[in-house]
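Results of the structural survey
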Amino acid sequence: MKRVALRRRARHISVVLVVLVCATVGIWTWDTAPSSAFLPPQSRFLKLQTEEEVRRIPSGLNTETKGSYSSATPFVNKGKAQRTTAALFIHLVTSQMFLCTFSRGICGSVKKLSLALLCFSLFPGLLMTAETKEDSTIEQVEHEVVSEPKHGKTPTSRENKLQQVKREVAIRKDQTTKTTHIKETHSDPERTKQFVAKKDDVSTSTARFPNQACNYAKGKWVVDNHRPLYSGSHCKQWLASMWACRLMQRTDFAFERLRWQPKDCSMEEFEGSKFLTRMKNRTLAFVGDSLGRQQFQSMMCMITGGKERPDVLDVGPEFGFITPEGGGRPNGWAYRFPETNTTVLYHWSSTLCDIQPLNISDPLTEHAMHLDRPPAFLRQYLHKINVLVMNTGHHWNRGKLNGNRWVMHVNGVPNADKKLAALGNAKNFTIHSTVSWVSSQLPRHPGLKAFYRSLSPRHFVGGEWNTGGSCNNTTPMSIGKEVLQEESSDYSAGHAVKGTGVKLLDITALSHIRDEGHISRFSLSASKGVQDCLHWCLPGVPDTWNEMLFAMI
C-alpha cells in the first residue's frame, strides 16, 4: 500500500513540475511572442474621433500618443509588470497543486491537471487585462494633461510613467493660459471645426488642424452656401471689371459657392481682420503675370470683404509704381492698410526674369531677356518684402516673345545654346534661376517667407484663344472634384523649389477640375468668337489660392 501511495504522490509531483516548467517558459518568452502578436498591428487601424468628443486640445500636444506606436511597442516596456503579475499566478497554481497533492486524494489527478491547464489558459488573458487597465489609465491622463513633445524613448516601467504623469500635471498648471480651443464655423455640416489659438500657442501636427506639414493641394471641392467671401458686383475699388463675372452676362453662379477642403487637415477660415493682424507691419508682394494680378485683386477683395475702404493708402510710388505719361498702366500697385500698417502689392513680371531695353532711346528697340537674372524689382525691393509670391508660365510662347521683341540672354550676351532656346527649357531655366536666387537671399532677410505658385491651368477646347478655342461648361465639378495625388501636377515648379528655402504654393491640380470657373464667352470686351479660358471669374478659384497662402504663412 505504501508503494502505491508513493507512486501516486510521484505522479502528483510530476504534474506540478510540468506546470511549473511550462509556466516558466511562458513567462520568459512572453516578451518576444505575446498572444496578441497574431493580431493586426495597431498602426494599421484608423482611429477616428468625432468633433463632439473634442473639448480641449493641449497647446503642447504630444503627437507620439499610444495609438501612433507600432504593434510591438506596448509590450516592450511592460516586462517587469508582466513578470510580477505572472509570479502571482505561479504561486496560485503551485499552492493549489501542492494542496491537492498532500491532502490524501481529496483532489483527483484529473482535477489537478484541469485546474493547472485552466489557470495557464487564463494566464495570458489576465495579463492582457492588467495591461489594458494600465494603458487606459495612461490614455486618460494623455487626454487630460498638457504634455511636452517626446523625442526620447518611452518609459521603461509603470513607475517611470507615473513619475512622468506627476511632472505633466505640474506643467498643466503653468500652461492654462495657452489652452487651444475648438470653434465651430458657421458653415455647412461638412466643414470641420477650425483651429483658433492665441498668438503664443503651438499648433498641433495632427491631421485635424492646420500645420506646416499639411498638403493643402490634396483634397476635394465641397459646396458651401456661405460662399463667396465677397461680392463680385460690389468690390469695384479693387476688382477689374473684366474679371468681375457678376457684371457680365453670366447667369449661373454656382461656381462661387465651392470651397476647397484638404483631405488630411483643416484649412483655416480666412478673415480679413485676422489676416491684417497676422501681417501687421509687414508687406505681401505678388510678382508675376496676369494670373498673379488676379490673385492680388482677389486678396484685396477678401481682406476688405468687397467693401469700399477710402482709408486704404496708395503707396505705389514707394515701390516705383508710377503711372507713365499718356495714361498707360503702371507696372504695379501697392496699398497699405493704416490700422495695422499692412502693405499688399503686385508687380508685373510675366516671365519672372530681368528684361531690359537694348536701346532706351529707341521705342522699337529689342529687349534683352536675361534668363539668369531675377527681375530688377526683386533685386531693388526684396528687403521691404516679408511674404513673396512668384509665378510665371503662360507668356512663354513665340507669339509673346516676337510681339514684345524679347531676345534671350545668358551671362549678359545673346543665348547661343540651341537647347536652351527651346521655350520649355528656357522657362524651366528661368524658374530655377530666380527661385535659387531668392533662396540665397533668405539668410540676409530672416523675416522673409517666399513662395512659388504653380501653373494655373488653361481649359481651351478645340483650339487656342485666337483659333476658336472654347470652355463652355458652366457646371461645377463636372470633370471631377477630388485630388489625391501627392506630387504637384506642375513638375517644373515642384522640381524648382526642391532643396531650396522657397515653398511651393501648389494650385495646379485643384484648379484643373474647375473648368467652369473661367470667364469663358461672357466677357464684355472680348472680340466676337473669342473666349477667355485662361483667366478666372472673381470671386472664384483664385480666392482658394489665397486661402492656402493664408494657411501657410
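Residues numbered from 1 in each chain as written. Predicted model: local features only at pLDDT ≥ 70, side-chain atom pairs only at ≥ 80, totals over all residues. Heavy atoms only, no water.

As recorded in an unreviewed UniProt entry, the protein goes by the name Protein trichome birefringence-like 16 isoform X2, listed as coming from Raphanus sativus. According to UniProt, the comment filed for the protein under the heading Sequence similarities (unreviewed entry) is "Belongs to the PC-esterase family. TBL subfamily." Quoted straight from UniProt, the Subcellular location (unreviewed entry) entry for the protein says "Membrane". (UniProt positions renumbered as here; feature names shortened; annotations may be inferred.)

It is worth spelling out the overall build of the protein at this point. A tally of helices and strands in the protein yields 14 helices and 18 strands. Per-residue burial over the protein gives 47% buried out of 553 residues. Put simply, of all contacts in the protein between residues at least 6 apart along the chain, 77% involve residues at least 24 apart. By element, 56% of the accessible surface of the protein is carried by carbon and sulfur atoms, the whole surface being about 29200 Å². (Helix = DSSP H or I, 4+ residues; strand = E, 2+ residues; numbered from the N terminus. Buried < 20%, exposed > 50% of the residue type's maximum accessible area, 1.4 Å probe, protein only. Contact = heavy atoms within 4.5 Å. Areas by Shrake-Rupley, 256 points an atom, 1.4 Å probe, with all protein chains shown as cover.)

Turning next to the side chain of Ser-350. Along the chain, Ser-350 falls in the loop between strand S8 (342-348) and strand S9 (354-357). When sequence neighbours within four positions are dropped, the list of residues in contact with Ser-350 reads Gly-288, Asp-289, Thr-392, Gly-393, His-395, Trp-396 and Trp-406.

Moving on to helix H7 (residues 290-304). Look at H7: 21 Å from first C-alpha to last across 15 residues, which is about the 21 Å you get at 1.5 Å a residue. Sitting at the amino-terminal end of H7 is Asp-289, which places a side-chain oxygen 3.0 Å from the backbone nitrogen of Leu-291. The positive-phi residue at the C-terminal boundary of H7 is Gly-305, with phi of around 70°. (Expected span 1.5 Å × (residues − 1). Polar contact = N/O pair within 3.5 Å; in protein donor to acceptor, adjacent residues only side chain to side chain.)

On to the nonpolar core. Counting residues in hydrophobic clusters, the biggest one holds 63 residues, and the most contacted among them are Phe-275, Leu-284, Phe-286, Met-299, Val-344 and Leu-549. In this structure, Phe-275 is in contact with Phe-270, Leu-284, Met-299, Ile-303, Thr-342, Val-344, Phe-550 and Ile-553, ignoring residues within four places of it in sequence. Counting 26 residues, the second-largest nonpolar core is a separate cluster that includes Ala-334, Leu-378, Ala-450 and Val-497. (Core = buried A, V, L, I, M, F, W, Y, C linked by side-chain atoms within 4.5 Å.)

If you walk through the whole model with that rule in mind, you get 13 salt bridges. A salt bridge links Arg-227 to Asp-224; the nearest nitrogen and oxygen atoms lie 3.9 Å apart. You can call Asp-224 buried: its relative accessible area is 0%. The residue Asp-224 makes a salt bridge to Arg-259 at a minimum N-O spacing of 3.0 Å. (Salt bridge = Lys/Arg side-chain N within 4 Å of Asp/Glu carboxyl O.)

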